[in-house]
Amino acid sequence: MLKKTRQTLNILFVFVIINNLPLLAQPVAGTDELGRTLIQSNLAGKLQKDKYVAVFYFLTHGDGTAEDYWDLSEIIPNHPEVLNDYNNAYWGKPVYYEGGPCPNYYWGKPLYGYYRADDYWVTLKSVQLLTDAGVDILVIDATNGSTYPDRADLLMRAMDEVRAQGKNPPKIVFYTNTESGKRMEEAYQNFYKTGAKYYHPDCWFLIDGLPLIIGLSKEAAGLDYEKKFTFRESQWPTERYKTNSWPWIEFTRPQCVHYNNKGEREIISVSVAQHPNPKAGMGGSAFYGNKDNWGRSYHNGQPGNPAKDIAYGYNIQEQWDFAIKEQPKFIFVTGWNEWTAGRWTSKDGNMEHSWFCDLASPEYSRDIEPTLTAGIKDNYYMQLVNNIRRFKGVEANPLPSAIKTIKDFSDWSEVAPGYKDYIHDTQARNWKGAQTKPETVYTNFTGRNDFEVLKIARDGNNIYFYAQTVDNITANTGDNWMCVYLDVDRNYKTGWNGYDYRIAEGNRLQKYSGSDWVDEHRVKYYVKENKLMITVARSYIPEFASFLNFEFKWSDNMQNTNNPLDWYLNGDAAPGGRFNWIYSEKE
């Protein structure tokens, strides 16, 4: 087994002390838009502490975005003539020719817009999402001539912020290949050397007591950093198999199991889509009829039907199933946020064609980060979370503390568990996008009440809800103020996205009628500085009459109350996105 020295395993729970009571293991629940529900400990098994998930992470956004037109999912449907006209004006500028700059294009629109990699607001949200997913390592793509020092530092600062809150964010590893020795030297000088400008030792992923780096180890021979790292070889899918290598993608089915120098089954890669015909590239399959590459819908040796299959992630699921069956120590996932590809001159002999290598269209792309394009939404993210649980297991949900009647805020001090939300995630966004012409500035000022600790108590007559925020709670502004959403039957098919009831404006218990929220009862609520509590009679909700087993989330300042994706973007939600916490009297 690999020696584990000071390596903190990233898992889906947190232990923090608040009000002298521990915030216990808090695995989230959730169901995606396709009706796929996250498995819990009873099916996933207990958390295994010797399993790790790495995700390829990219820092290129904002470099050389095409001017005027940059989203292929909009250019191609609206102007298909560009595919056979290399100099067409609807490609935008610049036009690449040998020796000149190559413009970058997005295959679709990320949920957070066409963001730059130096947008801390987005970076922090990504780190939170990947922490919640149970990702252990972010593998920074440094294969294209840079380690992106400023942007990598920003990423690690976000990790440090999350870690300071008692969470377990992923750690970092650099993946080098072209001019590998130079890139590893750059990483060492900028990040790992004592006194380095960007020194974040808590962010390093360690193997055998040293930070892991991926590259061509022979290029480190005799250099000052040779003894400072544990090395794994970079493994390109077009190369012969290398022992002790980490592959980021495979062009074979099923994938290879990669062994380390100790003869251990160390790592298997899984990827959203693949281009085993690099000469055609993803663009050849997306735009010019090539059948050699494997898109998101590919499975069982067939391309599938993207029109109905694309949201399901059949391609990567097939690989997850194989990897989990093989039980390596690591699974390497490609990828999180690649988004862009350069438009190069043709490789098929037709000089009016354009060549896109790694990404080209919704089907022929490989990002898991939520998107607004092609109905993909957050389905791949939820799929990632579920497969990580299948691979690593997950902690059991904590049982609630003893029955207790709540009369005032002092009664909450002995109530457990406390559910801990991220803090400082209501900060404003005001940052340039990756677009250069026209220039775009992304703003978001919807953050308001920053949830910190949430609790639930019960007695024979009532259910009590408690929220504690970082600062004093704002004045009641209507039905998007400090809402509680309740999935009382834990059935996604009932209610609005599974939520059967909500408490709006603090005192309106509403039931979803099938088309709208309808007032059922008035309930009592109290606010004192940064604390709020709500009392709901158990008789008001039939499912609360006896044994309790329900899911809940808090939401403040949601902007589009008809779209659960809004919980990734606006105000604050606890827990975030489609996640819920579970309150159950059953083990």
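A closer look at the sheet that holds strand S26 (residues 524-528)
Sheets are built from strands paired through backbone hydrogen bonds, the pairs being either parallel or antiparallel.
Link 1 in the chain: As summarised here, the arrangement of the five strands in space is S17-S20-S21-S27-S26, forming an open sheet in which the pairing is antiparallel. Of all strands in the sheet, those with a lone pairing partner are strand S17 (419-420) and S26, marking the two edges.
Link 2 in the chain: Pairing between strand S20 (residues 451-458) and strand S21 (residues 462-469): seven bridges, direction antiparallel. Its bridge partner lying in S21, Val453 is registered against Gln468.

A short note on unusual backbone geometry
Only a minority of non-glycine residues have a phi that is not negative, and only a minority of peptide bonds are not trans.
Link 1 in the chain: Of the consecutive residues Ala416 and Pro417, the connecting peptide bond is found in the cis state with omega at 0 degrees.
Link 2 in the chain: Tracing the backbone shows Pro417 in the loop between helix H9 (379-392) and S17.
Link 3 in the chain: With phi around 70 degrees, Asn244 is a residue other than glycine that occupies positive phi space.
Link 4 in the chain: For Asn244, the position within the fold is in the loop between strand S9 (230-235) and strand S10 (245-247).
Link 5 in the chain: On the basis of relative accessibility, which here comes to 8%, the residue Asn244 falls in the buried class.
Link 6 in the chain: If you check the backbone angles, Arg490 has positive phi at about 55 degrees while not being a glycine.
Link 7 in the chain: Residue position: Arg490 is located in the loop between strand S22 (483-487) and strand S23 (501-504).
Link 8 in the chain: A relative accessible area of 32% places Arg490 in the partly exposed class.

What about the packing of aromatic side chains?
Link 1 in the chain: Counted according to the given criterion, the structure contains 55 aromatic pairs.
Link 2 in the chain: The interplanar angle of 80 degrees and the centroid separation of 6.3 Å between the aromatic rings of Phe174 and Tyr192 together place this pair among those described as edge-to-face. Of the two residues, Phe174 sits in strand S6 (residues 171-175) while Tyr192 sits in helix H5 (residues 180-192), which places them 18 residues apart along the sequence. In this structure, Phe174 and Tyr192 share a single accessibility class: buried.

Concerning the side chain of Thr31
Link 1 in the chain: Assignment of secondary structure puts Thr31 in the loop between strand S2 (21-23) and helix H1 (41-44).
Link 2 in the chain: At 2.8 Å, the side chain of Thr31 and the side chain of Thr37 are in polar contact.
Link 3 in the chain: The residues contacting Thr31, other than those within four sequence positions of it, are Arg36, Thr37, Met382, Tyr492 and Arg578.

Section: the environment of Lys228
Link 1 in the chain: Mapping Lys228 onto the fold places it in the loop between strand S8 (210-215) and S9.
Link 2 in the chain: Separated by 105 residues in sequence, Lys228 and Val333 have C-alpha atoms that sit 26 Å apart.
Link 3 in the chain: Apart from residues lying up to four places away in sequence, Lys228 is in contact with Tyr188, Leu210 and Pro211.

Quick notes on the nonpolar core
Link 1 in the chain: Grouped together as the largest cluster of nonpolar side chains are 124 residues, with contacts concentrated most on Phe174, Trp320, Val333, Tyr381, Phe465, Leu486 and Trp554.
Link 2 in the chain: Aside from chain neighbours lying at most four places away, what touches Phe174 is Ile140, Ala142, Thr147, Ala152, Ala187, Phe191, Tyr192, Ile213 and Ile214.
Link 3 in the chain: Residues Ala54, Ile137, Tyr175 and Phe330 belong to the second largest nonpolar core, which totals 19 residues.

Conventions used here
Residues numbered from 1 in each chain as written. Predicted model: local features only at pLDDT ≥ 70, side-chain atom pairs only at ≥ 80, totals over all residues. Heavy atoms only, no water. Pairing = 2+ DSSP bridges. Helix = DSSP H or I, 4+ residues; strand = E, 2+ residues; numbered from the N terminus. Buried < 20%, exposed > 50% of the residue type's maximum accessible area, 1.4 Å probe, protein only. Phe/Tyr/Trp six-rings, centres within 6.5 Å; stacked < 30°, edge-to-face > 60°. Polar contact = N/O pair within 3.5 Å; in protein donor to acceptor, adjacent residues only side chain to side chain. Contact = heavy atoms within 4.5 Å. Core = buried A, V, L, I, M, F, W, Y, C linked by side-chain atoms within 4.5 Å.

Such coordinate-based values are descriptive only and should not be taken to indicate function.
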